[in-house]
Amino acid sequence: SQQGEEDPQALSIQEGENATMNCSYKTSINNLQWYRQNSGRGLVHLILIRSNEREKHSGRLRVTLDTSKKSSSLLITASRAADTASYFCATHPRDDYKLSFGAGTTVTVRA
Amino acid sequence: GAVVSQHPSWVICKSGTSVKIECRSLDFQATTMFWYRQFPKQSLMLMATSNEGSKATYEQGVEKDKFLINHASLTLSTLTVTSAHPEDSSFYICSARPGTESSPLHFGNGTRLTVT
């Protein structure tokens, strides 16, 4: 089942700008993960943040997690054309082994 | 890193025929693999969990007799779409975890199925 809701659905930015997308979820989680999907391809794992973590960085990516609000954000800094893709959050519920994916945010970075 | 290979990447078949999609973990063993379906511009919908050496666990609403899953070894799971119809046309993606239940999934590149 799909428990994550992401916004915005689509985002268009200029190369060099930052891109921020948000994810909200409903149940208690063990961790929250962000994935990227290039058009017509499988998903690639970007970053995992555990429920006891509030912020995590990986290169140009910054993820925050607010378990009290059941929300997370993904920030891509200094975007590049190659960052054009769909981004999905996925939650790992406490009482389930299956990941639940959000609806995704489509990011277009204009050169 | 852990690699999941999915084959074929695309297939076109006629209505009424069956299509088999393979998912292999190339450098790790996977007792569990997951099969997803994705419609254009939508999220992934989990179809079933493939368990090595036992029956797959299907999600509600997914017909197990139509989508046959076999996980005969620790590195291979197959999804067979039987008696395919145009409404089965979709993007099918498999994934597996090389580590614990909390570790990230590694995905195949997906299979674009078109049923004519």
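Up top you'll find the structure we're talking about.
None of these values were measured; they are calculated from a predicted model. (Residues numbered from 1 in each chain as written. Chains lettered and ligands numbered in written order. Predicted model: local features only at pLDDT ≥ 70, side-chain atom pairs only at ≥ 80, totals over all residues. Heavy atoms only, no water.)

S.K.: So what exactly am I meant to see when it comes to the environment of Ile47(A) here?
M.R.: Residue and element names in this part refer to chain A. Considering the arrangement of structural elements, one finds Ile 47 in strand β5 (residues 43–50). Classification of Ile 47 by relative accessible area gives buried; the value is 5%. Sequence separation between Ile 47 and Thr 84 is 37 residues; the distance between their C-alpha atoms is 17 Å. For Ile 47, the residues in contact, after removing those within four places along its chain, are Leu 32, Gln 33, Trp 34, Lys 56, His 57, Ser 58 and Val 63. (Helix = DSSP H or I, 4+ residues; strand = E, 2+ residues; numbered from the N terminus. Buried < 20%, exposed > 50% of the residue type's maximum accessible area, 1.4 Å probe, protein only. Contact = heavy atoms within 4.5 Å.)

S.K.: Hey, could you run me through the packing of aromatic side chains in this one?
M.R.: The relation between two aromatic rings is expressed through the spacing of the ring centres and the mutual angle of the planes. Per the counting criterion, the structure on display carries seven aromatic pairs over all chains. Geometrically, the ring pair formed by Tyr35(A) and Phe107(B) is edge-to-face, given 5.6 Å between the ring centres and 85 degrees between the ring planes. Pair noted here: Tyr35(A) is in strand β4 (residues 29–37) and Phe107(B) is in strand β10 (residues 106–107), and the two residues belong to different chains. Judged by its relative accessible area of 0%, Tyr35(A) is buried. Among the aromatic residues, those joined into a ring-pair cluster are Tyr35(A), Phe101(A), Tyr36(B) and Phe107(B). (Phe/Tyr/Trp six-rings, centres within 6.5 Å; stacked < 30°, edge-to-face > 60°.)

S.K.: Got a minute to help me understand the state of the cysteines in this structure?
M.R.: Covalently bonding the sulfur atom of one cysteine to the sulfur atom of another cysteine gives a disulfide. Following the criterion strictly, the structure yields two disulfides over all chains and no others. Disulfide pairing is shown between Cys23(A) and Cys89(A); the S-S distance is 2.0 Å. Judged by the sign of its S-S torsion, about 65 degrees, the bond between Cys23(A) and Cys89(A) is right-handed. Linking Cys23(A) in strand β3 (residues 19–24) with Cys89(A) in strand β9 (residues 85–93), this pair joins segments that are 66 residues apart in sequence. Of the two residues, Cys23(A) and Cys89(A), neither departs from the other in class, the shared state being buried. A sulfur-sulfur separation of 2.0 Å characterises the disulfide bridge that pairs Cys23(B) with Cys94(B). (Disulfide = S-S within 2.5 Å.)

S.K.: Explanation requested: the sheet that holds strand β6 (residues 55–58) of chain A in the structure shown.
M.R.: What links the strands of a sheet is backbone hydrogen bonding, and the strands pair in either a parallel or an antiparallel sense. Residues and elements named next belong to chain A. Reading across the sheet, the five strands line up as β1-β3-β8-β7-β6 and stay open at both edges, with antiparallel pairing between neighbours. A single partner strand is all that each edge strand has here, and the edge strands are β1 (5–7) and β6. For this sheet, the mean inter-axis angle between neighbouring strands, taken without regard to orientation, is 15 degrees. Summarising the sheet, β3 and strand β8 (residues 71–76) pair through six bridges and their orientation is antiparallel. Residue pairing for β8: Thr 20 is matched across the bridge by Leu 75. (Pairing = 2+ DSSP bridges. Axes fitted to C-alpha atoms, helices over the stretch in contact; angles between N-to-C directions.)

S.K.: Even after reading the chapter, I still don't get the interface of chain B and chain A, so can you show me in this structure?
M.R.: Many structure descriptions define interface size as the accessible area lost when the parts assemble. Taken together, the contacts link 21 residues of chain B with 19 residues of chain A. Of the roughly 1,600 Å² buried between chain B and chain A, counting both surfaces, carbon and sulfur atoms make up 52%. At the boundary of chain B with chain A, the tally comes to one salt bridge. Here Lys98(A) ties to Glu59(B) by a salt bridge, and the two come within 2.9 Å at their closest N and O atoms. Where chain B packs against chain A, one counts eight residue pairs in polar contact (both at pLDDT 80 or more). Among the elements of the structure, β4 (32–38), β5 (44–51) and β9 (90–96) of chain B are those that each provide at least two residues to the side of chain B that touches chain A. In the side of chain B that touches chain A, the residues fall into nine nonpolar, nine polar and three charged. (Buried area = accessible area lost by both parts, 1.4 Å probe. Salt bridge = Lys/Arg side-chain N within 4 Å of Asp/Glu carboxyl O. Polar contact = N/O pair within 3.5 Å; in protein donor to acceptor, adjacent residues only side chain to side chain. Nonpolar A, V, L, I, M, F, W, Y, C, P; charged D, E, K, R; others polar.)

S.K.: Hey, could you run me through the nonpolar core in this one?
M.R.: Across soluble globular proteins, nonpolar side chains show a tendency to be buried alongside one another. Grouped together as the largest cluster of nonpolar side chains are 24 residues, with contacts concentrated most on Trp35(B), Phe67(B), Leu79(B), Tyr92(B) and Leu113(B). Only β2 (10–13), β3 (19–25), β4, β5, β7 (67–73), β8 (76–81), β9 and β11 (111–115) of chain B provide two or more residues apiece to this core. The contacts of Leu113(B), once residues within four sequence positions are left out, are Val11(B), Cys13(B), Val19(B), Val81(B), Asp88(B), Ser89(B), Ser90(B) and Tyr92(B). Met21(A), Cys23(A), Trp34(A) and Cys89(A) belong to the second largest nonpolar core, which has 21 residues in total. (Core = buried A, V, L, I, M, F, W, Y, C linked by side-chain atoms within 4.5 Å.)

S.K.: Please clarify how the pairing of strand β7 (residues 61–66) of chain A should be interpreted in this entry.
M.R.: Strand residues, when the strand is regular, have side chains that alternate between the two faces of the sheet. All names here are of chain A. For β6 and β7, the ladder comprises four bridges, and the chain directions are antiparallel. When the sheet's bridge partners are listed, Lys 56 is paired in β7 with Val 63. Linking β6 back to β7 in an antiparallel pair, the connection comprises two residues, with Gly 59 at a positive phi of about 60 degrees. Inspection of the sheet shows β7 paired to β8 by six bridges, in the antiparallel sense. Each residue of the ladder has a partner; that of Leu 61, found in β8, is Ile 76. Linking β7 to β8, which pair antiparallel, is a turn of four residues; within it Lys 70 sits at a positive phi near 50 degrees.

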